[in-house]
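Inside the fold
Here is how the chains run, residue by residue.
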Amino acid sequence: MIKKQTFPVLEMSCAACAVSVESILKAQKGVKNASVNFANANAIVEYEDTETDVNVFKSALQSVGYDLIIAQEDKAKAIQEEKQILHYEMLRKNTIFSALLSLPVMVIGMFFMDWEIGKWLSMILTAIVLFVFGKRFFIGAWKQARHFKANMDTLVALSTGIAFIFSLLNTIYPEFWHSKGVHPHVYFEAAAVVITFILLGKYLEEKAKSNTSSAIKKLIGLQVKTARVERDGKEGEIPIGEVSKGDIILVRAGEKIPVDGKIIEGSSLVDESLMTGEPMPVPKSVGEQVLAGTINQQGSFRFVAEKVGSSTLLSQIIRYVQEAQGSKAPVQQLADKIAGVFVPIVLGIAGLSLFAWVILAEENGFTQGLLAMVTVLVIACPCALGLATPTAIMVGMGKGAEQGILIKDAESLELAHKVNAVVLDKTGTITEGKPQVSEIVWNLVSDSGKIYYQTILYEMEKRSEHPLATAIVNYLENEEKIKDLTLQHWESITGRGIKAKIGNDEYFIGNEQFTTKNEQLAMYNYELPITNEQPTTINQQPSTTSNYFKPLQTLNPNPQTTILFTKDQSLIATIFITDKVKSTSKNAIQQLQKQGIEVYMLTGDNATAAEAVAKEVGIQHFQARMLPQDKGLFIKDLQNKGKIVAMIGDGINDAHALAQAEVSIAMGKGADIALEVAKITLISSDLQQVPKTFQLSKQTVKTIHQNLFWAFIYNLIGIPVAAGVLYPLWGFMLNPMLAGAAMALSSVSVVSNSLRLKGLKL
């Protein structure tokens with residue numbers, strides 16, 4: 001069985017580490033795919049659990065200096081957070097003490113460089129800075145070197161280590177340079193201050209990175225620890241993990257709702273803003289759904305638990321957002337490839353810098369070359385490249401989650417801003433999705449016949465999960481029915497209707513193409529034979545006669561959804577269903593059209609109802625009587641014309657079209673299969689979230705491009721300058737201390753730029 005699991009990864013120091021961890025995981029037997037995100041320190045692994053074990057992954061990573069947290073998802077997150085807090089505190093303390101010790105070293109190096117005692121004092125203080133407060137870099141570099149790998153730790157350890165050893169030799173044995181007529185220089189201040197700046201950069205980076213996941217922390221904070229449950233007539237508070245489906249739960253004013261369920265007693269106003277992005281509290285009464293994590297503002301009510309644990313909407317949202325933030329956008333592929341070879345290339349450039357200075361410089365070539373090599377190693381920053389995409393993705397997805405826009409993968413977020421054609425389902429997408437039966441017209445049936453047929457209609461529809469079936473069942477709930485009527489066969493045909501068998505008779509409920517087998521009859525504008533002979537007992541079936549035809553429009557001329565109930569070729573009843581257009585749909589469609597996006601409406605409903613809805617919301621392009629496969633083919637045809645298509649739907653019959661579209665968006669109150677197939681879910685089911693989604697995508701991609709541009713430019717300019725290319729022209733050599741500060745600031749600037757997305761107004 002293939003499993004997909006998220007593991008927190010420890011000890012990663014840069015983007016090259018993420019690439020290394022990913023390649024190690026992918027190399028393990030049984031692993032189908034692996035994706036490692038440096039920004040949130042998570043690895044998503046797909047593996048065949050019969051071929052491998054998660055402990056194998058842990059051992060493989062530990063051998064090269066990394067580690068994997070293996071535990072239940074909630075415990076793993078708790079362990080990771082605890083270790084991150086400890087790591088953050090350690091960085092803070094190390095940065096402070098390293099700065100305190102580096103300050104006198106810098107003062108001696110700048111103002112008392114010929115003070116002999118000062119050199120020895122600097123050597124001792126620098127050794128403490130490097131090998132106590134900066135020891136993580138040397139330990140990490142050694143672990144990498146043992147396996148012929150390199151990362152940012154390698155660059156830091158080599159640069160500061162070489163500067164320290166060179167200065168140490170010049171302090172202990174200055175006669176070597178004196179014999180050559182050269183004054184020996186020491187660079188203790190460079191080594192110490194570089195470590196301090198890099199520690200400071202890592203500290204600021206960790207602080208900024210923690211802010212990128214603030215949205216997911218808010219969602220996790222919505223989860224309740226306990227619930228007040230009524231069992232066996234007694235009320236008691238139990239841990240949330242012990243709540244079972246069917247439990248009766250009491251919620252008082254000001255409390256968070258612990259699990260998903262349906263109110264059975266009481267009413268209230270519920271704040272769902274952190275789930276749906278809607279600021280106004282929602283009135284809730286008996287029979288209405290409540291969601292885990294939402295806040296009961298006033299009054300108290302009792303509800304029955306329907307979804308508990310990981311099956312609640314809140315738990316699913318948290319899981320989806322965590323997985324999405326760990327996914328990779330296509331634009332990140334280039335950055336990953338560069339990060340994978342970045343450190344070896346930098347090592348090569350550093351070596352060439354030293355060689356070039358020794359060969360070309362007229363005097364002090366080795367000293368200047370060594371300084372250039374150290375500066376190149378210090379200024380190079382793979383972290384900025386590695387953080388450019390994932391930090392923007394994490395903040396963008398977090399911003400979306402706060403607005404009730406659940407984006408399940410980075411690719412959809414990146415692609416959404418390119419959409420130029422939007423295809424909308426009608427029912428539940430443009431309309432409220434709360435259909436109600438306005439009228440059932442029975443065709444020449446007696447009272448006994450009506451009771452008989454409405455019993456069949458009720459029994460057939462109550463087995464269906466379609467919203468229209470629910471409307472019919474609700475309408476017939478209190479109508480008189482025959483007891484003990486059994487359907488011999490029942491079948492649902494997606495996108496068409498349902499059929500059942502009683503005795504030798506077949507009954508059909510659906511549109512005219514489905515209920516009408518006789519093609520010639522279907523040509524007469526829905527005209528079908530009418531029954532006029534009704535049964536007097538349950539065992540006596542009515543016979544059928546075709547005495548006249550009657551067009552459906554004469555029964556009810558209003559543009560409503562029309563459902564036909566037939567037996568064989570006889571029309572028994574015509575069911576008219578209304579579904580109000582959402583108040584926000586027209587405005588949302590206008591916003592899309594203003595953005596230059598073509599809007600299409602596809603529906604399985606009749607042409608008259610489809611035209612009425614399209615006209616009301618301002619859609620010029622629509623098609624009625626569309627089967628699920630027809631919707632998919634329609635989207636494919638748009639794609640063949642060069643369109644980037646977003647499909648928005650909420651039902652089972654939209655799953656095919658959602659899978660076909662480049663960007664698939666499901667309404668949060670729709671069918672589970674639509675939520676599974678779609679890559680983006682609008683929790684509030686409000687179409688106005690669609691333009692916001694495209695705007696969020698545009699701004700996130702813009703931020704990614706800005707980050708990548710500055711990360712590339714920084715390294716493209718910084719490394720040659722550090723190597724000394726400006727020295728022949730202007731005599732300028734970059735100080736290693738400034739290089740260390742620049743390297744630290746490059747990562748922080750990328751993360752800070754990503755954090756600007758948090759202030760984006762959608």
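Worth saying up front: this structure is predicted, and the values here are computed from it rather than measured.

**Points about the packing of aromatic side chains**
Considering all chains together, one arrives at 14 aromatic pairs under this definition. Pairing phenylalanine 7 with phenylalanine 57 gives two aromatic rings, centres 6.3 Å apart and planes at 80°, and the pair type is edge-to-face. Highlighted residues: phenylalanine 7 in strand β1 (residues 2-10) and phenylalanine 57 in helix α2 (residues 54-62), separated in sequence by 50 residues. For phenylalanine 7, a relative accessible area of 1% gives the class buried. On the basis of relative accessible area, phenylalanine 57 is assigned to the buried category, the value being 0%. For the pair tyrosine 47 and phenylalanine 57, a centre-to-centre distance of 5.3 Å together with 85° between the ring planes defines the contact as edge-to-face.

**Quick look at the sheet that holds β1**
Taking strand neighbours across the sheet as the criterion, the four strands line up as β2-β3-β1-β4 in an open arrangement whose pairing is antiparallel. Both outer strands of the open sheet, β2 (31-37) and β4 (67-68), are each paired with one neighbouring strand and no more. Sheet topology note: the β1/strand β3 (residues 42-48) ladder contains seven bridges and is antiparallel. Paired with lysine 3 across the bridge in β3 is tyrosine 47.

**Here we look at the UniProt feature "transmembrane region" (unreviewed entry) in the chain**
Look at the UniProt record and you will see "transmembrane region" (unreviewed entry) annotated at residues 95-113, 119-142, 154-173, 185-204, 338-360, 366-389 and 708-730. The span residues 185-204 shows a helical share of 85% and a strand share of 0%, and its end C-alpha atoms are spaced 32 Å apart.

**Quick notes on the nonpolar core**
The biggest cluster of nonpolar side chains holds 124 residues, and the ones touching the most others in it are Met12 and Phe694. When residues of this core are assigned to their parent elements, the largest contribution, 11 residues, is made by helix α26 (residues 689-723). Of the residues that make up this core, three or more belong to each of domain 1 (2-70) and domain 3 (404-429 + 584-693). Once residues within four sequence positions are removed from consideration, methionine 12 is found in contact with Cys17, Ala18, Val21, Val36, Asn37, Phe38, Ala41 and Tyr66.

**Structural notes on the pairing of strand β15 (residues 421-425)**
Burial analysis of β15 places five of its five residues in the buried class, which makes it a mostly covered element. Side-chain alternation along β15 places Ala421, Val423 and Asp425 on one buried face and Val422 and Leu424 on a second face that is also buried. In terms of strand pairing, β15 meets strand β22 (residues 598-602) through five bridges, oriented parallel. Bridge pairing links valine 423 to tyrosine 600 in β22. Here β15 runs beside strand β24 (residues 645-649); their pairing, made up of four bridges, is parallel. Across the sheet, the residue bridging to valine 422 is alanine 646, located in β24.

Rules and cut-offs
- Residues numbered from 1 in each chain as written.
- Predicted model: local features only at pLDDT ≥ 70, side-chain atom pairs only at ≥ 80, totals over all residues.
- Heavy atoms only, no water.
- Phe/Tyr/Trp six-rings, centres within 6.5 Å; stacked < 30°, edge-to-face > 60°.
- Helix = DSSP H or I, 4+ residues; strand = E, 2+ residues; numbered from the N terminus.
- Buried < 20%, exposed > 50% of the residue type's maximum accessible area, 1.4 Å probe, protein only.
- Pairing = 2+ DSSP bridges.
- UniProt positions renumbered as here; feature names shortened; annotations may be inferred.
- Core = buried A, V, L, I, M, F, W, Y, C linked by side-chain atoms within 4.5 Å.
- Domains from an automatic or database assignment.
- Contact = heavy atoms within 4.5 Å.

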